[in-house]
Amino acid sequence: MIDIIYKDSALCVCFKPRGVLSEGEGEDCLPSLLSRTLASAVYPVHRLDKDTEGLMVFALTKEAAADLSRQIAEGSVEKEYEANITRAPHEPSGKFCDLLFYDRQRGRSYVVDRQRKGVKDASLEYKVLSTEPCCTRVRVRLLTGRTHQIRVQFASRGMPLCGDRRYGAPKESGEFYLRSCYLKFKHPKDGKVMEFGDSENKIGNN
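Residues numbered from 1 in each chain as written. Predicted model: local features only at pLDDT ≥ 70, side-chain atom pairs only at ≥ 80, totals over all residues. Heavy atoms only, no water.

Trainee: Sorry, what's going on with the environment of Leu 99 here?
Mentor: Within the fold, Leu 99 resides in strand S6 (residues 93-103). Distance from Leu 99 to Val 140, taken between C-alpha atoms, is 18 Å for residues 41 residues apart in sequence. Here Leu 99 is in contact with Tyr 110, Val 111, Val 112, Asp 113, Arg 114, Gln 115, Val 119, Lys 120 and Asp 121, once residues within four sequence places are set aside. (Helix = DSSP H or I, 4+ residues; strand = E, 2+ residues; numbered from the N terminus. Contact = heavy atoms within 4.5 Å.)

Below, the structure is given as structure tokens:
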């Protein structure tokens, strides 16, 4: 059973469990699970990595899907995450800007130093929420949406996410934790601002 946060005739906001694919047509993929739960067609408009959990919005009509996809393409949908990283950044808040290349054969993204075919700009903002001896929890706002973006941008600076062996985290670094914790967008029917998740710790809040 999928946890439904909000639903109306145009869209549904739900909580994606860790380990579930956010796209695809398999019976165990989130669109199929959600469609069976709602007894309705669903239209994915964005994705989360398999091991990432948290808030997602799905369209329930083709018209809503087109509008939400447009908002995402324009960068007007606000998406924030929480993650555990293996060590604290030098600054308590900041911005990372990189060029990323996603290698489909290896299933990995890489920070590269020049533009070429397949390379895309990637940027995010972060702030430290708490620091423990074993890990640091950060809040992250994505300004672009690239494959494995949070994971590779922190890892390239020597701060891989805890438990993220693919991007260099040591075996003893603990359990992987990356959660979509905040979504903000305009309703595709009437333009009403829709806000879900933890707004108290938003990037930019004091």
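Now that the structure has been shown, the text picks up again.
Trainee: I'm lost on the layout of surface pockets in this one. Help?
Mentor: Where empty space is left becomes clear once a probe the size of a water molecule has been rolled over the atoms. Quantified by volume, the largest pocket comes out at close to 600 Å³. Taken together, 27 residues make up the lining of the largest pocket; nearest its centre are Lys 79, Leu 142, Thr 144, Gly 145 and Arg 146. Listed by contribution, the elements that provide at least two residues to the lining of the largest pocket are helix H2 (62-74), strand S5 (78-85), strand S9 (136-142) and helix H3 (149-155). Among the residues making up the lining of the largest pocket, the classes are represented as 10 nonpolar, nine polar and eight charged. Of the pockets and cavities examined, the second largest pocket occupies roughly 290 Å³. Leu 100, Phe 101, Tyr 102, Arg 104, Ser 109, Gly 118, Lys 120, Gly 145, Arg 146 and Thr 147 are the residues that line the second largest pocket. (1 Å grid on protein atoms, 1.4 Å probe; cavity = no way out; pocket = protein on both sides within 12 Å on 5 of 7 lines; lining within 4 Å. Points joined across faces, edges and corners; volume = space filled by probe spheres on them. Nonpolar A, V, L, I, M, F, W, Y, C, P; charged D, E, K, R; others polar.)

Everything listed is a geometric property; what it means functionally is a separate question.
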